[in-house]
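Each chain, written out:
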Amino acid sequence: MSLRADTPAPPGARIHRFSRAERWVHRTTAALMGVCVLTAAVLYIPQLAIMVGRRELVVRVHECAGLALPVPVLLGLASRAFRADLRFLNRFGPHDRIWLLAALVRDKRRSSRPAGKFNAGQKVYAAWIAGATLVMLGTGLMMWFTHLTPLMWRTSATFVHDWLALTIGVVLAGHIGMALGDPEARRGLRTGTVSRDWARREHPLWRP
């Protein structure tokens, strides 16, 4: 990945980070994931189940949201910008190893955490949540269509689905917490642009 060229820019200048298609994919996926998490909480927490009721409806909403979860990403593949960012997310370089090592030892100096358009933590999160979503979809289908697999498979699928759902909830909470701590990153996902100063500080190897 190329180093950023230090070109002069007026104070407060903004640069393009995400296309409209990318922002749509993120928002739609986040909404579907939120529905899955909320309905799962209603299904597994007795107090919420009693409060909400209508368990059969909650189950159907949970199933439909889960089946629809991969759809925004699949539709987003029609966008050249989205495909380019997927390649960035799927590519680890030497600077990513440096970033991860600094994160492990809690070194918060900017100079010790070099990053391109996406830092190593974002790449790891994207890979993990994509894999977890596929596992949840597969185990969910095994639980839904009970006649397709043996009882032992369905029992194992239920175990994996339930515990992975809990893990996803914890990871999503951390993801949201980090987003709340970075208003400029949120603005980038909301408007598609970020300040040049922020980009230089947080993603010094990114060349817009």
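Residues numbered from 1 in each chain as written. Predicted model: local features only at pLDDT ≥ 70, side-chain atom pairs only at ≥ 80, totals over all residues. Heavy atoms only, no water.

A. Geometry of the packing of helix α1 (residues 20-44) against helix α3 (residues 55-68). Two numbers describe how α1 lies on α3: the axes approach to 9 Å, and their chain directions differ by 150 degrees. Between α1 and α3, the angle is such that the two are roughly antiparallel. Crossing handedness for the pair α1 and α3: left-handed. Two secondary-structure elements touch here, α1 through Leu32, Val35, Cys36, Thr39, Ala40, Val42 and Leu43 and α3 through Arg55, Val58, Val59, Val61, His62, Ala65, Gly66 and Ala68. Class assignment for the residues of the contact of α1 with α3 results in 11 nonpolar, three polar and one charged. (Axes fitted to C-alpha atoms, helices over the stretch in contact; angles between N-to-C directions. Helix = DSSP H or I, 4+ residues; strand = E, 2+ residues; numbered from the N terminus. Parallel < 35°, antiparallel > 145°, perpendicular 65-115°, else oblique. Left-handed = near helix turned anticlockwise from the far one by under 90°. Contact = heavy atoms within 4.5 Å. Nonpolar A, V, L, I, M, F, W, Y, C, P; charged D, E, K, R; others polar.)

B. Layout of a nonpolar patch on the surface. A cluster of nonpolar residues, Val135, Phe159, Val160, Trp163, Leu166 and Val170, forms a patch on the protein surface that exposes about 610 Å² of accessible area. Ranked by residues supplied to the nonpolar patch, first place goes to helix α8 (residues 151-180) with five residues. Among the structural elements, Leu166 can be located in helix α8. (Patch = residues over 30% accessible without salt bridge, like charges linked within 9 Å, V, L, I, M, F, W, Y side chains within 5 Å. Areas by Shrake-Rupley, 256 points an atom, 1.4 Å probe, with all protein chains shown as cover. Salt bridge = Lys/Arg side-chain N within 4 Å of Asp/Glu carboxyl O.)

C. Spotlight on the packing of aromatic side chains. Scanning all chains against the criterion turns up three aromatic pairs. Between Phe159 and Trp163, the aromatic rings sit 6.5 Å apart at their centres with planes inclined by 50 degrees, giving tilted as the arrangement. Of this pair, Phe159 and Trp163 are both found in helix α8, four residues apart, which corresponds to roughly one turn of the helix. We note that Phe159, like Trp163, is exposed. We note Arg17 situated over the ring of Phe118; from NZ or CZ to the ring centre the distance is 5.6 Å. Stacked on the ring of Trp99, the Lys or Arg Arg113 has its end atom at 5.2 Å from the ring centre. (Phe/Tyr/Trp six-rings, centres within 6.5 Å; stacked < 30°, edge-to-face > 60°. Buried < 20%, exposed > 50% of the residue type's maximum accessible area, 1.4 Å probe, protein only. Lys NZ or Arg CZ within 6 Å of the ring centre and 35° of its normal.)

D. Inspection of helix α6 (residues 94-104) at higher detail. Taken as a whole, α6 has its buried residues at His95, Asp96, Trp99 and Ala102. Taken around the axis of α6, the buried residues stretch over an arc of 125 degrees, which confines them to a single face. In α6, the exposed positions that point more than 90 degrees away from the buried face belong to Pro94, Arg97, Leu101 and Leu104. At its buried positions, α6 is contacted by α7 (120-144). (Arc of directions from axis to C-beta.)

E. Focus on the pattern of salt bridges. Scanning the model with the defined rule gives nine salt bridges in all. Ionic pairing is found between Arg110 and Glu202, a salt bridge with its closest N-O pair at 3.0 Å. In this pair, Arg110 sits in the loop between α6 and α7 while Glu202 sits in helix α10 (residues 196-202), placing the two residues 92 residues apart along the sequence. On the basis of relative accessibility, which here comes to 49%, the residue Arg110 falls in the partly exposed class. In the salt-bridge network here, residues are joined through shared partners; they are Arg14, Glu184 and Arg187.

F. Up close: the state of the cysteines. One pass over the structure, following the stated rule, counts zero disulfides. A disulfide-free cysteine, Cys36 has its sulfur positioned 10 Å from the sulfur of Cys64, the nearest such atom. (Disulfide = S-S within 2.5 Å.)

G. The environment of Gly66, seen in detail. By the secondary structure assignment, Gly66 is in helix α3. Classification of Gly66 by relative accessible area gives partly exposed; the value is 22%. Note: C-alpha distance between Gly66 and Leu101 (35 residues apart in sequence) is 35 Å. Among all residues touching Gly66, those that are not within four sequence positions of it are Cys36 and Leu137.

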